[in-house]
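# Survey of secondary and tertiary structure
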Amino acid sequence: MCSAAIYGTGAYVPHKTLTNEDFSRTLDTTDEWITTRTGIKERRIAAPDQATSDLCLHAARAALKDAGIAPRDLDLIIVGTITPDYPTPSTACILQQKLGLGDKTIPCFDLSAACSGFIYALTTASAYITAGLAARVLVVGSEATSRIVDYSDRRTCILFGDGAGAAVLGPPRTDGPSHKVLSTRLYADGNHAGLISIPAGGSARPASRETCDSKLHYIRLNGREVFRFGVIKVVEMIKDAMARHNLMPADVGAIIPHQANMRIIEAAVERLALPWDLFIINLQRYGNTSSASVPLALDEASRAGRLVKGKPVIMLAFGGGMTWASAVVEW
Ligand code: UT7
């Protein structure tokens with residue numbers, strides 16, 4: 001059995017920026033409220049002709065370039081998303097075609113774990129590699145959240161943004177740099193399925209004039225409960241990741257939390273008494289990009305030289321399902 005490693009990362013955000021000031025012109029909200037309650041200042045919005053697979057494509061190309069891997073060398077593509085281009089075909093199949101690999105017949109599938117989607121996909125890729133079922137895997141977390149957000153609902157629309165992050169994985173390399181996946185943990189609790197949901201558009205409640213009129217195709221969340229859940233899980237997952245690898249704070253290279261709300265991260269930093277500079281945070285610029293949140297921050301941190309060679313990077317996320325997940329990667 002071999003283990004898995006990250007060869008390279010990539011990310012993409014659309015050009016259009018929506019600021020807190022923009023919201024204050026159309027909604028009963030202020031920059032001050034959004035900033036103090038969430039830490040978010042602006043987010044990116046996909047162009048009308050950009051679907052989730054288009055965001056994937058940019059991030060995937062950047063990750064392949066960073067990894068020094070040709071698209072044709074891939075043998076599996078996994079896309080974590082809750083905003084697929086269509087219910088079917090999968091966004092991963094569309095990405096395969098956009099990468100020019102339509103004739104290669106490699107397996108491609110989407111994975112739905114909301115904001116935990118990238119770490120779920122990274123874990124699945126690692127399992128394929130470890131089992132010898134794949135040697136070069138492209139993993140993408142990509143969302144066009146702007147397509148599921150009700151821009152007249154000030155409680156949700158200020159939170160989300162669009163973007164994509166990607167990684168190429170394979171067995172640890174001898175012919176170039178690679179970052180070994182030391183461990184991952186995946187969790188879910190369907191008892192809390194109602195905390196974050198899109199009530200209609202699926203088989204339980206298919207699209208109809210009535211569901212459209214009632215705006216049931218937009219994301220709804222119980223903000224306070226999700227906030228509480230997030231703080232508990234972020235603290236739990238960081239503690240668990242440090243304990244399973246016997247890490248003291250000085251041993252950790254970086255912590256990449258899900259970029260949902262600055263106050264959730266602040267609460268975790270306070271409870272764990274960890275130094276602020278360990279945390280990679282970009283939510284002020286992108287908001288919550290769901291499954292893209294962790295890989296976007298990972299790629300930015302990697303390119304900015306914030307990840308220390310040989311030191312563990314702890315990634316963690318939580319989201320709809322409810323799902324939560326962590327990964328420890330030796331950089
Ligand atoms: O990826 C999934 C993870 N998602 C999350 O982590 C989201 C977690 N939750 C949160 O981030 C926070 O709960 C929110 C930012 C969504 C809300 O912050 P809060 O401090 O929990 O506010 P609240 O929902 O308790 O609302 C407080 C007040 C309410 O007014 P009343 O009922 O007290 O009069 C809201 O109507 O703030 C009001 N409010 C707003 N006011 C101005 C809600 N949204 C806004 C807004 N601008 N945008």
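Conventions we followed
Residues numbered from 1 in each chain as written. Predicted model: local features only at pLDDT ≥ 70, side-chain atom pairs only at ≥ 80, totals over all residues. Heavy atoms only, no water. Helix = DSSP H or I, 4+ residues; strand = E, 2+ residues; numbered from the N terminus. Rg over C-alpha atoms; globule rule 2.2 N^0.38 Å. Buried < 20%, exposed > 50% of the residue type's maximum accessible area, 1.4 Å probe, protein only. Contact = heavy atoms within 4.5 Å. Areas by Shrake-Rupley, 256 points an atom, 1.4 Å probe, with all protein chains shown as cover. Lys, Arg positive; Asp, Glu negative; His and termini not counted. Charge placed at Lys NZ, Arg CZ, Asp CG, Glu CD. Core = buried A, V, L, I, M, F, W, Y, C linked by side-chain atoms within 4.5 Å. Domains from an automatic or database assignment. Expected span 1.5 Å × (residues − 1). Polar contact = N/O pair within 3.5 Å; in protein donor to acceptor, adjacent residues only side chain to side chain. Near = heavy atom within 4 Å. Pairing = 2+ DSSP bridges. Buried area = accessible area lost by both parts, 1.4 Å probe. Nonpolar A, V, L, I, M, F, W, Y, C, P; charged D, E, K, R; others polar.

## Here's the deal with the overall build of the protein chain
- Of regular secondary structure, the protein chain possesses 11 helices and 13 strands.
- The C-alpha atoms of the protein chain give a radius of gyration of 19 Å, which matches the 20 Å a tight globule of 331 residues would have.
- Projected onto the principal axes, the alpha-carbon positions of the protein chain cover approximately 55 × 50 × 35 Å.
- Counting across all 331 residues of the protein chain, residues that qualify as buried make up 55%.
- In the protein chain, 76% of the contacts between residues at least 6 apart in sequence involve partners at least 24 apart.
- Summing over all exposed atoms, the protein chain offers an accessible surface of approximately 14000 Å²; the carbon and sulfur share of this is 53%.
- Side chains of the protein chain give 34 positive and 32 negative charges; the mean places of these two sets differ by 1 Å.

## Observations regarding the nonpolar core
- Counting residues in each nonpolar core, the largest one holds 46 residues, and the members touching the most others are Ile-238, Ile-255, Leu-274, Phe-279, Ile-314 and Phe-318.
- Listed by contribution, the elements that provide at least two residues to this core are helix 8 (223–244), helix 9 (262–272), strand 12 (312–319) and strand 13 (323–330).
- The biggest single contributor to this core is helix 8, with nine residues.
- Two domains each put at least three residues into this core: domain 1 (5–176) and domain 2 (181–330).
- If sequence neighbours within four positions are ignored, Ile-255 has contacts with Ile-238, Leu-274, Leu-278, Phe-279, Ile-280, Ile-314 and Leu-316.

## Some remarks on helix 8
- When the terminal C-alpha atoms of helix 8 are compared, their 31 Å separation across 22 residues agrees well with the 32 Å that a helix rising 1.5 Å per residue should span.
- The inward-facing, buried residues of helix 8 contact strand 9 (196–197), strand 10 (220–221), strand 11 (254–257), helix 9, strand 12 and strand 13.
- Count one or two residues on from helix 8 and you reach Asn-246, which has phi positive near 50°.

## Here's the deal with the side chain of Thr-9
- Its place among the elements puts Thr-9 in strand 1 (residues 5–12).
- On the accessibility criterion, Thr-9 (1% relative accessible area) is buried.
- A polar side-chain atom of Thr-9 sits 2.7 Å from a polar atom in the side chain of Asp-299.
- Leaving out residues up to four positions away in the same chain, Thr-9 has contacts with Ala-62, Ala-63, Asp-66, Ala-166, Ala-167, Leu-298, Asp-299, Ser-302, Arg-303 and Trp-331.

## Considering the site of the ligand
- In the vicinity of the ligand lie 23 residues, with Thr-29, Cys-115, Arg-224, Asn-261 and Asn-288 positioned nearest.
- At 3.0 Å from a nitrogen atom of the ligand is found a main-chain nitrogen or oxygen belonging to Gly-223.
- Residue Arg-224 places a side-chain N or O atom 2.4 Å away from an oxygen atom belonging to the ligand.
- Expressed as a share of its isolated accessible area of 950 Å², the protein-covered part of the ligand is 77%.

## Quick look at the pairing of strand 5 (residues 108–111)
- Here four bridges tie strand 4 (residues 76–80) to strand 5, and the two strands are oriented parallel to one another. Bridge pairing links Ile-77 to Cys-108 in strand 5.

## Thoughts on the domain arrangement of the protein chain
- For the protein chain, the assigned domains read domain 1 (5–176) and domain 2 (181–330).
- Averaged C-alpha coordinates put domain 1 and domain 2 at centres separated by 14 Å.
- Contacts between the two partners involve 49 residues from domain 1, matched on the other side by 45 residues from domain 2.
- If you sort the residues of domain 1 by the area they bury against domain 2, Cys-115, Ile-119 and Tyr-120 come out on top, with a joint share of 18%.
- Along the contact surface separating domain 1 from domain 2 lie 22 residue pairs in polar contact (both at pLDDT 80 or more).
- Sorting the residues of the side of domain 1 that touches domain 2 by element identifies strand 1, helix 2 (31–38), strand 3 (42–45), helix 3 (52–67), helix 5 (117–130), strand 6 (137–143) and strand 7 (163–170) as the ones contributing at least two each.
- In terms of residue count, helix 5 provides more of the side of domain 1 that touches domain 2 than any other element does, seven residues in total.
- Its residues assigned to classes, the side of domain 1 that touches domain 2 comprises 21 nonpolar, 19 polar and nine charged.

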